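# Structure assessment
Okay, here's what each chain looks like letter by letter:
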Amino acid sequence: MEPTRSRNWCIRTLLLCIPLSATAASYAPMGDADLLGQSATVVLGRVAHAGPAPAQELDATLYRIEIDRILKGSPGRRSLELTVPGAHAPEQAGALVIPGAPRFVPDERVLLFLDTGDSGRYRLNQFGLGAFHVRRAGDGTPLALRALEHEPLTRARGLDAFLHWLLQATTGASPTVDYWTDMAPADSAKFNFIGVEASRWFEFDRGLEVRFLAHQNGQAGLSDGGVGAFRQGLAAWDDDGGSNIRYVFGGSTRAGGGLGTPDGVNTILFNDPNGEIAGSFDCNRGGILALGGFRSSGRGEYRNGSFLMIVEGDVVVQDGAACQLSRNNGSNAAEVFAHELGHTLGLAHSCGDNSLLGLIGDCIPLTPVDEALMRARTHADGRGARLGADDRAAVGSAYGNGLLPVLRDSPEGLPGANNVNGGDAGADDGGGGGGAAAVLTLLGLLAAGLWRTRTR
C-alpha cells in the first residue's frame, strides 16, 4: 500500500470509529454529586410510551416511564410522565427542533434525574445532563450512558455501582466514586440517534435578512444587558466571507415565547424566565448555559439536496449563568451567544461528545474542530465570538455564496455532540481529556491530515 493511501486509510478508519451526533446545548462540566443534589427525583425505569405531548404536539415529546427503582424523591406512583422539549415528529410544519434533545424508544431502560414540571409531569434536570440510557456490555454488564454523549466508545458508568453510589449519596454520605468502567456497550449502533434532518434558512438565497431581537429584560451580570455580546455573536456569522448569511440585530422586544411558544419572533431570552431549562447554572458546579433551537416549515432544495426550511430561531439563556457569561470582560457571553446562534442556523457541534480510541475526547487539541466556535464546551478563554476554520467550512456547505470553494457538493448532516464525562466542574474550558503525549501527537497529525483531505 502506498504511503499516502495508507495514511488516508488510517484516517478513514479513525473517522469511522467516531459516532456523529447533534446537540444544541452550551454547558460547563457538572459532577454527578451536584446533579444529584439539584434533582428533586431520580428514578430507574422503562419507557412504556413515546409520542407527541398533548396540546404541545409541535413543541414537546411525552414519555411515560414505568418506575423500577426510586433513588431519590417520592413520585407517589409506579409510573410518571416526562416531557422533553422538541417535537416528536420534527418534520411537521412549525415543529420546535432542539438538535440532539434526548430521545428514548419504547421498552428501553433509562436512568433519569428529574425536576417537577407543569401539570404533574416531570422534566429532565439540566436537559440532557440528566438523562441516561441503560445499555449492556458484551458480557451482559449493564452500563449507564448519558444521553448527550450518544454512546461514547469507552468509560461508561457501571449501572449497579452507580445506583449504589446514588443511594449512598442521598443519605448524606460521601461514598467513594468507583463506578467508572472501560467496558463499551455491545449494542451502541442500535441506539445511535443521529438527530433531526438537515435544516437551513432559505431567505438568504433571495438576498433577504433574518432579524434577531434581544428581550428587553436583558442579561443579568452584563452592563448593557447582553446586547453588545449578542450583536457580536450575530456579526460573527454575518461577516463570514464564504456564506450568504445575513443575521442582523433588530433591537429589543417584549416577545417572551422562548423555545416553547412560537411567536414569529427570533429572540434571545435571558435568565430563563419561562423555566424552560430545568435546574440552574452554578459556576462552581457547572451545568447547561444556554439552549438554541429553531422551528421549520416545509422543505426546500439546495445544491441538489433537500433541507427542512427554518422559519424561526430562538435562544434561551439559563438562569444563574451570569457568573460565567460575565467573565473575560463579557467575551464568554459573546462566545456562548454566537454558539447558540450557530444552532439556529441548523449547525451541530464540531466535536465534544465522543472518546477517541479510549484515550482522549474527540476535541483533539490544536485541531480545527477543537478551535471551532461550535465545539460543544465553551472555550471561555477570552476569544469571544470568533469563527474557526471548521465553522466556516460548515456554513460554506450549508450557506455557500460561491466566493469561496464549496467543501461538500451535497448537503449532509453536520457532525456535533456534547461530552460531559470527566473534566473539572469548576474549570472554564471544561478540559479536553488526557492521554500520552506521543498518542496526542499522532492523533493530532492524523486529524490534520484529515482536515487537509476535507479541504482539497
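Preceding this paragraph is the structure being described.
This report concerns the structure included in the present document. (Residues numbered from 1 in each chain as written. Predicted model: local features only at pLDDT ≥ 70, side-chain atom pairs only at ≥ 80, totals over all residues. Heavy atoms only, no water.)

## Some points on the state of the cysteines
The line we're drawing: Note that a disulfide, as used here, is simply two cysteine sulfur atoms within 2.5 Å. Where helices and strands are cited, they refer to DSSP runs of H or I of at least four residues and of E of at least two residues respectively, numbered from the N terminus. For the exposure calls, accessible area comes from a 1.4 Å probe over protein chains only, and a residue counts as buried if that area is under 20% of its type's maximum, exposed if over 50%, partly exposed in between.
For the structure shown, the criterion picks out one disulfide. Disulfide pairing is shown between C283 and C323; the S-S distance is 2.2 Å. Taking the sign of the S-S torsion, 105 degrees for the link of C283 and C323, the bridge is right-handed. Pair noted here: C283 is in the loop between β15 (267–269) and β16 (287–302) and C323 is in helix α5 (residues 322–325), with a separation of 40 residues, a long-range link. Residue class for C283 comes out buried when judged on its relative accessible area of 13%. Judged by its relative accessible area of 31%, C323 falls in the partly exposed class.

## Some words on the pairing of strand β6 (residues 109–116)
The criterion, for reference: One bridge is not enough; two strands pair if DSSP finds at least two bridges between them.
Pairing between strand β2 (residues 41–53) and β6: six bridges, direction antiparallel. Directly across from G45, in β6, lies its bridge partner V110. The pairing of β6 with strand β7 (residues 122–124) spans three bridges and is antiparallel. Of the residues in β7, the one forming a bridge with D115 is R123.

## Remarks on the packing of aromatic side chains
The geometry of two aromatic rings is summed up by the distance between their centres and the angle between their planes. Put simply, the rule is: Put simply, two rings from Phe, Tyr or Trp (the six-membered ring, in Trp's case) pair if the centres are within 6.5 Å, and we call them stacked under 30 degrees between planes, edge-to-face over 60, tilted for the rest.
Taken as a whole, this structure holds 16 aromatic pairs when the rule is applied. For the ring pair F204 and Y247, a centre distance of 6.0 Å and an interplane angle of 70 degrees mean the geometry is edge-to-face. With F204 in the loop between β12 (199–200) and β13 (210–215) and Y247 in strand β14 (residues 247–253), the pair connects residues that are 43 residues apart, well separated along the chain. For the pair formed by F204 and Y247, the shared burial category is buried. Judged by centre distance (6.0 Å) and plane angle (75 degrees), the ring pair of Y302 and F307 falls under edge-to-face.

## Digging into the nonpolar core
Note the threshold: In these notes, a set of buried Ala, Val, Leu, Ile, Met, Phe, Trp, Tyr and Cys residues joined through side-chain atoms within 4.5 Å is what counts as a nonpolar core. The contact criterion used throughout is that any non-hydrogen atoms of two residues lie within 4.5 Å.
With 48 residues, the main nonpolar core has L82, L111, L112, F113, F162 and L166 as its most contacted residues. Residues contacting L111, with those up to four places away along its chain left out, are V42, V43, L44, L71, G130, A131, F132, V134, F162, L163 and L166. The next biggest cluster of nonpolar side chains, apart from the first, holds 42 residues, and it includes A236, W237, A333 and A398.

## A word on helix α4 (residues 227–238)
Put simply, the rule reads: Given a helix with a known number of residues, its expected span is that number minus one, times 1.5 Å. The directions considered for the arc are those from the helix axis to the C-beta atoms.
Here α4 is twelve residues long and its end C-alpha atoms lie 16 Å apart, about the 16 Å a rise of 1.5 Å per residue gives. Of all the positions in α4, only A229, F230, G233, L234, A236 and W237 are classed as buried. For α4, the angular spread of the buried residues around the axis is 155 degrees, confining them to a single face. On its buried face, α4 sits against β13, β14, β15, α6 (331–344) and α8 (389–399).

## Some words on the packing of α4 against α6
The line we're drawing: In this analysis an axis means a line fitted to C-alpha atoms, helices contributing only their contacting stretch, and an angle means the value between N-to-C directions, from 0 to 180 degrees. Orientation is classified from the angle alone, with under 35 degrees giving roughly parallel, over 145 giving roughly antiparallel, 65 to 115 giving roughly perpendicular, and any other angle giving oblique. Helix crossings are classified by the rotation of the near helix relative to the far one: an anticlockwise turn of less than a right angle makes the crossing left-handed, while a clockwise turn makes it right-handed. Asp, Glu, Lys and Arg are counted as charged, while Ala, Val, Leu, Ile, Met, Phe, Trp, Tyr, Cys and Pro are counted as nonpolar; the rest, among them Gly, fall into the polar class.
Two elements in contact, α4 and α6, have axes separated by 8 Å at closest approach and are oriented at 50 degrees. As the angle between them shows, α4 and α6 are arranged oblique. Crossing hand, α4 versus α6: right-handed. Touching A229, F230, Q232, G233, L234 and W237 of α4 are A333, A334, F337, A338, L341 and G342, all from α6. Here the residues of the contact of α4 with α6 sort into nine nonpolar, three polar and no charged.

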